Amino acid sequence: MTLTVKNLDSQLMDSWDDYVRRSDTATFFHLSSWKTVLERAFGHRTHFLCVQENSDIVGILPLAEIKSVLFGHSLASLPFCVYGGVVADNDEVANALRKTASDLSDTLKVGALELRNREVSETGWPVKDLYFTFRKGIDPSDEVNLKAIPNRQRAMVRKGIKEGLVSEWTQSTDRFFRVYAESVKNLGTPVFSRKYLRILKEKFKDDCSVLMITHEGRDVAGVMNFYFRDEVIPYYGGSIAEARHIKGVNHFMYWELMRLSAAQGYRLFDFGRSKAGTGPYSFKKNFGFEPSPLPYEYYLATSDAVPDVNPLNPKYQTMIKIWGKLPLPVANFVGPFLARSLG
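Residues numbered from 1 in each chain as written. Predicted model: local features only at pLDDT ≥ 70, side-chain atom pairs only at ≥ 80, totals over all residues. Heavy atoms only, no water.

1. Focus on the overall build of the chain
Secondary structure summary: the chain contains 11 helices and 15 strands in total. Here the chain holds 343 residues, and 53% of them are scored as buried. In the chain, once contacts between residues fewer than 6 apart in sequence are set aside, the share between residues at least 24 apart is 72%. Of the roughly 15,900 Å² of accessible surface on the chain, a fraction of 50% belongs to carbon and sulfur atoms. (Helix = DSSP H or I, 4+ residues; strand = E, 2+ residues; numbered from the N terminus. Buried < 20%, exposed > 50% of the residue type's maximum accessible area, 1.4 Å probe, protein only. Contact = heavy atoms within 4.5 Å. Areas by Shrake-Rupley, 256 points an atom, 1.4 Å probe, with all protein chains shown as cover.)

2. Quick word on the environment of Phe-226
Turning to its location among the elements, Phe-226 is positioned in strand β11 (residues 218–228). If we skip the residues at most four places from it in the chain, Phe-226 touches Phe-28, Phe-29, Trp-34, Leu-200, Asp-207, Cys-208, Glu-231, Val-232, Ile-233 and Tyr-235.

3. Re the pattern of salt bridges
Close approach of charged atoms lets side chains of opposite charge pair. Across all of its chains, the model carries 15 salt bridges by this definition. Ionic pairing is found between Arg-135 and Asp-270, a salt bridge with its closest N-O pair at 2.8 Å. Pair noted here: Arg-135 is in strand β8 (residues 131–137) and Asp-270 is in strand β13 (residues 268–275), with a separation of 135 residues, a long-range link. A residue is classified by how much of its surface remains accessible, and Arg-135, at 25% relative accessible area, is partly exposed. Taking the relative accessible area as the measure of exposure, Asp-270 reaches 0% and is therefore buried. Overlapping salt bridges bring together Arg-135, Glu-231 and Asp-270 as one network. (Salt bridge = Lys/Arg side-chain N within 4 Å of Asp/Glu carboxyl O.)

4. Quick look at the environment of Thr-2
Residue position: Thr-2 is located in the segment before β1 (3–7). Ignoring anything within four residues of it in the chain, the contact list for Thr-2 reads Gln-52, Glu-53 and Asn-54.

5. Section: the sheet that holds β13
The strands making up a sheet associate through hydrogen bonds between their backbones, and the pairing can be parallel or antiparallel. Overall, mixed pairing links the seven strands, which are arranged β9-β10-β11-β12-β13-β8-β14 in an open sheet. Sheet topology places β9 (166–170) and β14 (291–293) at the edges, where each strand pairs with a single neighbour. Averaged over all neighbouring strand pairs, the angle between strand axes comes to 30 degrees, with direction disregarded. One ladder, built from two bridges, connects strand β12 (residues 231–239) with β13; its direction is parallel. Directly across from Val-232, in β13, lies its bridge partner Phe-269. (Pairing = 2+ DSSP bridges. Axes fitted to C-alpha atoms, helices over the stretch in contact; angles between N-to-C directions.)

Take a look at the structure:
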């Protein structure tokens, strides 16, 4: 076959997304709108590669660069996304995409190319065994789904209901930002900009929703979600410090999302990725989800070792402790400048 590797342009976007939606191995994070999101929200340079046979797309690999004084120069598929990597009709197409991506990494002189695979490949490239994903089917029946939650966590859901917690959909990303910004600051992590959340909602429209949790009329938690095929993907979530004094806030929030999503016809709940040995990892596992490893793989261009930019790295612990103590307005002002480099 005659294969041509091209960069995504406006004329190919519809064909690209058609390919994503019909491919069994593609994910929400392979959609073409991520190109616009990353460029507009963060100013990152993108390289969305596709392979055509004649005029038909037979493989894709979305890539974006991050340049950071603190964390170096990298190329990834895809920053700010939990899944990525090559989607291809066959090995020849996959090899063409990997070859183009590794050549691009050498040309750009990045430290490393990161492919955020959901399945193991056979490249022989180094793999980081840090992240796990949590995915499980959901039933149309609330009773079945509630019984699938282990006893202690199910009791916390019921305590949340008794506390008078209420869920409601909102179109306001600013309303969600107020809760989310406080949540991540308290965890010692720089928050994204309001602009990023607005662009996500603007580009993905009905495939992006925000569910807020209120207590006595006050927002105490919220979660931004993505939808792809029959999947719901709670992606950014958090709660304010006051929520610690209300029983079952996070349990209630994710149960409500599961319940409402099942009623809307979604049949798979993707709880996203977490690092082994962390609180979110334990929370999801205790909620009845089994972890599956995410075999992220790396092509080392100028780096001697796989990059280790994550909060578990001991060299970032002092920074995390200091950040958690910053006043919220200061964290919200400075955070977006740092968060854009984390990816």
